[in-house]
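# Descriptive structure summary
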Amino acid sequence: DDDQQTFRAQLRDDPDVASAVAAIRALLGFLKQDRGETIQGLRSSLLAAIDTLSRVDSSVAVSSGGELFLRFISLTSLEYSDYSKCKEIMIERGEIFLRKVSLSRIKIAKLCHPFIRDGARILTHAYSRVVLRVLEAAVESKKRFSVYVTESQPDQAGQKMAKALRKLNIPVTVILDAAVGYIMEKVDLVLVGAEGVVESGGIINKIGTNQIAVCAKAQNKPFYVVAESFKFVRLFPLNQQDVPDKFKYKADTLKTSQNLTEEHPWIDYTSPSLITLLFTDLGVLTPSAVSDELIKLYL
Amino acid sequence: MLRDAGLTPPAPPEAEPRAEGGLGTDFPLPSPAGAAHPASPPASADGPSDGEKPAGGKSKAELRAERRAKQEAERAQKQAKKVELGQAAAAAKPRLTPTEPQSVVKRLPEHVQVDDPAAQRKLAKKLERQQVPLRQDYGTKVNLFSHLHQYSRKKPLTQQMSIPSTVIHPAVVRLGLQYSQGIINGSNARCIALLEVFKQLIRDYSTPPNEELSRDLVAKLKPHISFLNQCRPLSASMGNAIKFLKKEISCLPDTLREEEAKEKLQDTIDKYLREKILLAAEAISRSAFEKINDNDVILVYGCSSLVNRTLCDAHAKKGRAFRVIVVDSRPRLEGRETLRRLVRKGIHCTYVMINAISYVLPEVSKVLLGAHALLANGSVMSRVGTSQIALVSKAYNVPVLVCCETYKFCERVQTDSFVSNELDDPDDLIVLRKGQAQLGGWAENKSLRLLNLVYDVTPPDLVDLVITDLGMIPCTSVPVVLRVKSVDQ
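Going by the annotation in an unreviewed UniProt entry, the name recorded for chain B is Translation initiation factor eIF2B subunit delta, with Otus sunia given as the source organism. UniProt, in its Subcellular location (unreviewed entry) section for chain B, records the words "Cytoplasm, Cytosol". Quoted straight from UniProt, the Sequence similarities (unreviewed entry) entry for chain B says "Belongs to the eIF-2B alpha/beta/delta subunits family."

As annotated in an unreviewed UniProt entry, chain A carries the name Translation initiation factor eIF2B subunit alpha and comes from Otus sunia. In its Subcellular location (unreviewed entry) section, UniProt records this for chain A: "Cytoplasm, Cytosol". Of chain A, the UniProt comment under Sequence similarities (unreviewed entry) reads exactly: "Belongs to the eIF-2B alpha/beta/delta subunits family."

So this is what it looks like as structure tokens:
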């Protein structure tokens, strides 16, 4: 499928871009090429496109980004009776959305790096480009700090993160996932990214995040999350079981596997009571403020 | 008791009690006879000092002129004195009106001030004016709750009324009795019954001549509301419905004829009932269905119409197999009604009393509770026992879900269950066992008090999710919803 090709190409060419941003770019391209004649038709084909894209990359961010994109462009579509005019406006709004979204990481980095003090020891989990950006900003403001990264099995994403951090000349130590409880007394703060931020203020992130959060809470270390606002999703999981399977496992696994209980989930849910603050491009939020923002975005 | 020179007979003018607000003022006070000219003859404070007026000695106008001259003289003196003392501010206030308290003191509602005699006197006066009987409290109360009313079911308010009552509509009398005897129970049922009765009130209402419907109807509703309040304290849902109705009535355009206005009001009430209660219940039932998984064990407490409807709808959809544990508590034993309704639909149920919850909780996957009201700080006000269930569930890590329509959201804030609550008839706690009434002679025993609380408040950190007709929100987002709603209106 055309969109899938564009999407995959984008992810390949620019590894630094968030998968959701790539998805939105692909959707915008799809919107421009669409030959339909009605708003309803356009909406349903966009929904289908989002569905196909999430089959490529089954992350929460792609589906939430897609849904927010759809909402953003359809806010004004009902005012004009001429379809082509509507479509123009939607494309314009789509470009605005994309621009806003691409700038979100810079905003977050600006908000977050003051919380990293000189001499801090930071613990982070797996590979997150937003966290990388934040640490880059902290380095630019002449702060000295050291980072512990969990190895993050099964894909060893932590090694990738460590390599990127070494390039920035930040002293980094890779630790085992099981060593989080051991290292927690040494760190000053925990900083993780998120794949999705849910309505309760909790986050969905790479498996292992929940354990880190629980350890941090037990030792009274602040647990900070950095996430762009397009990752806000209208889910409300009550516990780990409640997270839908389509996010927990990769798209291919869902298609091919016989028995899901034998597969390892790739993500887990961290409850809002364990999170201290969330840094987003909408500002610095407490977990209970996330629901306010979601109500504003969606209602 | 106020001197209104135009109305009082000339005979013993000075013997009448003097006017209030004795600062030598001429502020206008409305006379109790209801004459609509507040600005006319100023009440004076000269009282018995005018000894020079034998009956018919001087005309009324002359007396008035004399009094006014004297007042002017006094005022001039006072002003001069104040200017001497250099109080410029006082000079700017030529009228020495009695000062209102400058700060805005929030008035406590009467129903939490039962131990304050002044507040009770005010209430008695108000009820007397509205011709509604005052219900007497019954039995000694527990000290901590002595600020709340405690009534006996055996002494309904109607015993003190003449039948037929001239002021209270008979449908309202019937409704009041149904409330006080516990025949209509549950916050949705009470609100629906209330709105139906108000519809009938409006149907039977006719505007008296020279009155505006929008103003007079509200005034006519007030004694009925006081009566219902005396029968049983109003619930939060009823309070919100009444506020809505009063606003609708006072916003009626003057151009409507009486029949049209009454039609319009009936339609608005119907719309409120349909949207806020019936459709909301359906929306909540649908959202809650998403949270019910296959092979779930759901714990419910007491009898909530919304929770029952959710479970029955979920069972009817036949997608998920689940079973229910119904928890019940004395003295109301409302769980039996829930049990009856669920079993009739074919849902697999277990019945336990509230003391057994720590025994059953390890096998429960989620707890589904109803609410009487949701307060502005996210606390949940519900039947007594709910906060206990939430607390123990938290200890066992079982998610607690509360179902509540948005019309029950209150601007009030409460952090405990003492400040504002309802005390039910203490005689309900007397139980008949083996022919003997346990606790039967409690009134004679000086050191024994019985407490039958109706509501309690669950703090927001014990509740995981609130399911409303606007969607699923965390407890802390209740003020956001209130804000969004007030913007809508």
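## Comments concerning the sheet that holds strand β10 (residues 455-458) of chain B
Residue and element names in this part refer to chain B. Ordered in space as β5-β6-β10, the 3 strands form an open sheet in which the pairing is antiparallel. Strands with a single pairing partner mark the edges of an open sheet, and in this sheet they are β5 (373-374) and β10. By the bridge criterion, 4 bridges tie strand β6 (residues 380-383) to β10 in an arrangement that is antiparallel. Looking at β10, one finds that R383 is bridged to Y455. Set on the sheet, helix α12 (residues 386-395) makes contact with β6 and β10; between it and β10 the angle comes to about 30°.

## Brief notes about the environment of H372 of chain B
Residue and element names in this part refer to chain B. Residue position: H372 is located in the loop between β4 (366-370) and β5. On the accessibility criterion, H372 (7% relative accessible area) is buried. Sequence separation between H372 and A189 is 183 residues, and the spatial gap between their C-alpha atoms is 11 Å. Apart from the residues lying within four places of it in its own chain, the contact partners of H372 are S187, S235, A236, M381, S382, K408 and Y455.

## Some remarks on the packing of helix α5 (residues 83-112) of chain A against helix α6 (residues 129-140) of chain A
Residues and elements named next belong to chain A. In contact at an axis separation of 8 Å, α5 and α6 are set at 55° when each is read in the N-to-C sense. In terms of axis orientation, α5 runs oblique to α6. In this structure, α5 meets α6 at a crossing whose hand is right-handed. For the pair α5 and α6, the contacting residues are R105, I106, I108, A109 and C112 in the first and R129, V130, R133, V134 and A137 in the second. For the contact of α5 with α6, a count of residues per class yields 7 nonpolar, no polar and 3 charged.

## Structural notes on the packing of helix α5 (residues 187-204) of chain B against helix α8 (residues 258-291) of chain B
Residues and elements named next belong to chain B. Running from N to C, α5 and α8 point in directions that differ by 170°, and their axes come no closer than 9 Å. In terms of orientation, α5 and α8 fall into the roughly antiparallel class. Residue-level inspection shows N188, C191, I192, L195, E196, K199, I202 and R203 of α5 in contact with α8, the latter providing K262, L265, Q266, I269, D270, Y272, L273 and I277. Residues that form the contact of α5 with α8 fall into these classes: 9 nonpolar, 2 polar and 5 charged.

## A closer look at the sheet that holds strand β6 (residues 203-206) of chain A
Residues and elements named next belong to chain A. Spatially, β5-β6-β8 is the arrangement adopted by the 3 strands of the open sheet, whose pairing is antiparallel. The open sheet is flanked by β5 (196-197) and β8 (267-270), the only strands paired with a single partner. Across 4 bridges, the pairing between β6 and β8 is antiparallel. Across the sheet, the residue bridging to K206 is I267, located in β8.

## Some points on the packing of aromatic side chains
Residue and element names in this part refer to chain A. For the structure shown, the criterion picks out 7 aromatic pairs over all chains. Taken together, a centroid distance of 5.7 Å and an interplanar angle of 70° make the contact between F115 and Y224 edge-to-face. Highlighted residues: F115 in the loop between α5 and β1 (120-124) and Y224 in strand β7 (residues 223-226), separated in sequence by 109 residues. When the centroid spacing of 4.8 Å and the interplanar angle of 75° are considered together, the rings of F115 and F279 count as edge-to-face. Here the residue F115 occupies a position in the loop between α5 and β1, and F279 occupies one in strand β9 (residues 277-280), the gap between them amounting to 164 residues.

## Structural notes on the interface of chain B and chain A
You'll often see interface size given as the accessible area lost when the parts meet. Each partner contributes residues to the interface: chain B has 16 residues there, and chain A has 11 residues. Both faces combined, the contact of chain B with chain A buries some 1100 Å², and carbon together with sulfur accounts for 62% of it. The largest per-residue losses of area from chain B upon contact with chain A belong to K291, P474 and V480 of chain B, which jointly make up 31% of the total buried on that side. For K291 of chain B, the salt bridge identified is with D242 of chain A, shortest N-O distance 3.1 Å. Across the chain B-chain A interface, the total number found is 3 residue pairs in polar contact (both at pLDDT 80 or more). Breaking the side of chain B that touches chain A down by element, the ones donating at least two residues are β12 (471-473) and α13 (478-488) of chain B. Sort the elements by how many residues they give to the side of chain B that touches chain A and α13 of chain B lands first, with 4 residues. Split by residue class, the side of chain B that touches chain A holds 9 nonpolar, 3 polar and 4 charged.

Definitions and cut-offs
- Residues numbered from 1 in each chain as written.
- Chains lettered and ligands numbered in written order.
- Predicted model: local features only at pLDDT ≥ 70, side-chain atom pairs only at ≥ 80, totals over all residues.
- Heavy atoms only, no water.
- UniProt positions renumbered as here; feature names shortened; annotations may be inferred.
- Pairing = 2+ DSSP bridges.
- Helix = DSSP H or I, 4+ residues; strand = E, 2+ residues; numbered from the N terminus.
- Contact = heavy atoms within 4.5 Å.
- Axes fitted to C-alpha atoms, helices over the stretch in contact; angles between N-to-C directions.
- Buried < 20%, exposed > 50% of the residue type's maximum accessible area, 1.4 Å probe, protein only.
- Parallel < 35°, antiparallel > 145°, perpendicular 65-115°, else oblique.
- Left-handed = near helix turned anticlockwise from the far one by under 90°.
- Nonpolar A, V, L, I, M, F, W, Y, C, P; charged D, E, K, R; others polar.
- Phe/Tyr/Trp six-rings, centres within 6.5 Å; stacked < 30°, edge-to-face > 60°.
- Buried area = accessible area lost by both parts, 1.4 Å probe.
- Salt bridge = Lys/Arg side-chain N within 4 Å of Asp/Glu carboxyl O.
- Polar contact = N/O pair within 3.5 Å; in protein donor to acceptor, adjacent residues only side chain to side chain.

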